Amino acid sequence: MLEFLRSNGLFAAGIAAATLLYLLIDFFAVVKNFASILKAPSFWFFWFLISVLNFLAFKALNGPSSSLGEQFGNARELALIVFSTLGTVAILQSFALKIGDRKIVDVSTVIENFRATVLEDISRRAASSQREFTSRTANRLFDAFKGKPAEPALRNEFVRVMTFGDRNAGQVKEELAQISVEADTLQVPLAMLLAQRIAKADVGEAGRLAREAGRLLDQRTDMPAGTNSIG
Amino acid sequence: MGMAIEDAQMQEARRLLDQDPVSRRTLELLRRQQSAAGWAIAKTLGMNPDLVSKALENLRCSGLIEAESGSGLEGFYFLTGLAYKLMAQSA
């Protein structure tokens, strides 16, 4: 085993790296989120599986009687790693054996299903990260606006952020009244529920509001009483 | 057997997307963003939240999306393997 690793270790590392590079490009083209790709265990299992198949392909191409890639001179092994990676991926993505009208072997469907499962796993992790980020932003917004004096300013922001599409301020105020009842029932601060809803609807705006809370509250104290609070 | 069930699911999902533009736009947004809360989808699309909530439920029932947590507009949604396969076939 040790001898095998000693003689093949560098090639194995190169093949693993080439496979990883290909898969990262392939998955990033779909999900555009490196962090979620790297956090998904199914991605690493997929990478390991393709790397093993790629290594077998490399060994077949690099056999003692093989003259493939000799024109690349000193870079022959590197060229073979590129060939074996592209070959392995191309075969796995398209290989199907038909006899008559029946598909006897259909590797491409198996790989496609596996790839879809990996993409789903990555998306689940992206959703989990998104939920955690939204929750943290809502907490920051709540911290910035908590306390009775600051609550009217957050109500105003709630109406502004939640008025979109064909919704009017009246509908949003109704929602606000419902959330207010919910806060009483749950015995939690209204500002907490408002911050959560704002962050869920527009996390970027929630973050901006949390940063600018001081200025917004100053503006509010400059205005005549009762002109800027809603609900 | 499993393939037949999946083909039926795929056909059902295609029918939903052909007939319901809100579901189609919701799925397209999730494809671009990977994941989003129901409220964020409604605001980004500038659509009535009730319509979006119904579209999310339809997409969930057809197996194209799942909620990581919560439900309705409060949930955080992502695409399932079926949705990725459907998009790969449509590409």
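Residues numbered from 1 in each chain as written. Chains lettered and ligands numbered in written order. Predicted model: local features only at pLDDT ≥ 70, side-chain atom pairs only at ≥ 80, totals over all residues. Heavy atoms only, no water.

Looking at this structure, how should I read the environment of Q33 of chain B?
Inspection of the secondary structure assignment puts Q33 of chain B in helix α2 (residues 21–33). Placed 45 residues apart in sequence, Q33 of chain B and F78 of chain B show a C-alpha to C-alpha distance of 9.0 Å. (Helix = DSSP H or I, 4+ residues; strand = E, 2+ residues; numbered from the N terminus.)

Looking at this structure, I do not really get the nonpolar core. What am I missing?
Membership of the largest hydrophobic core comes to 68 residues, with the highest contact counts inside it found for F27 and L141 of chain A together with L64 of chain B. Per-domain counts for this core show at least three residues from each of domain 1 (2–122) and domain 2 (145–222) of chain A. Contacts of L141 of chain A, omitting those with residues within four sequence positions, involve L154, A195, I198, A206, L209 and A210 of chain A. (Core = buried A, V, L, I, M, F, W, Y, C linked by side-chain atoms within 4.5 Å. Buried < 20%, exposed > 50% of the residue type's maximum accessible area, 1.4 Å probe, protein only. Domains from an automatic or database assignment. Contact = heavy atoms within 4.5 Å.)

Is there a simple way to think about the interface of chain B and chain A in this case?
By a frequent convention, interface size equals the accessible area lost on bringing the separate parts together. Of the residues lining the interface, 27 residues belong to chain B; the matching set on chain A comes to 27 residues. Taken over both partners, the interface formed by chain B and chain A buries close to 2400 Å², and the fraction arising from carbon and sulfur atoms is 61%. Considering only the side of chain B, the residues that lose the most area to chain A are W39, K43 and F76 of chain B, jointly responsible for 28% of the buried surface there. Seen at the junction of chain B and chain A, the total is four salt bridges. One salt bridge in this structure joins R197 of chain A and E74 of chain B, with 3.0 Å as the shortest N-O distance. Among the elements of the structure, α1 (2–19), β1 (35–37), α3 (38–45), β2 (65–69), β3 (76–79) and α5 (81–90) of chain B are those that each provide at least two residues to the side of chain B that touches chain A. Among the residues forming the side of chain B that touches chain A, the class breakdown is 12 nonpolar, eight polar and seven charged. (Buried area = accessible area lost by both parts, 1.4 Å probe. Salt bridge = Lys/Arg side-chain N within 4 Å of Asp/Glu carboxyl O. Nonpolar A, V, L, I, M, F, W, Y, C, P; charged D, E, K, R; others polar.)

Teacher, can you tell me more about the pairing of strand β1 (residues 96–99) of chain A here?
Along any regular strand the residues' side chains alternate between the sheet's two faces. All names here are of chain A. Pairing analysis gives four bridges linking β1 to strand β2 (residues 102–106), with the strands arranged antiparallel. Within the sheet, the bridge partner assigned to K98 lies in β2 and is K103. The turn linking β1 back onto β2 is made up of two residues, and G100 within it adopts a positive phi angle of 65°. (Pairing = 2+ DSSP bridges.)

I'm lost on the environment of A37 of chain B in this one. Help?
The residue A37 of chain B is located in strand β1 in this model. The exposure class assigned to A37 of chain B is buried, which follows from its relative accessible area of 2%. Separated by 31 residues in sequence, A37 of chain B and E68 of chain B place their C-alpha atoms 9.6 Å apart. In contact with A37 of chain B, not counting residues within four places along its chain, are K200 of chain A together with L73, G75 and F76 of chain B.

Honestly, the pattern of salt bridges in this entry has me stumped. Any pointers?
Residues and elements named next belong to chain A. Taken as a whole and assessed by the stated rule, the structure comprises 19 salt bridges over all chains. Note that D106 and K103 form a salt bridge whose closest N and O atoms lie 3.6 Å from each other. We classify K103 as partly exposed; its relative accessible area is 49%. A salt bridge links E157 to R160, with the nearest nitrogen and oxygen atoms 2.7 Å apart. Linking E157 with R160, this pair stays in helix α6 (residues 151–162), spanning three residues, or about one helical turn. A network of salt bridges, in which partner residues are shared, links E157, R160, E205, R208 and E212.

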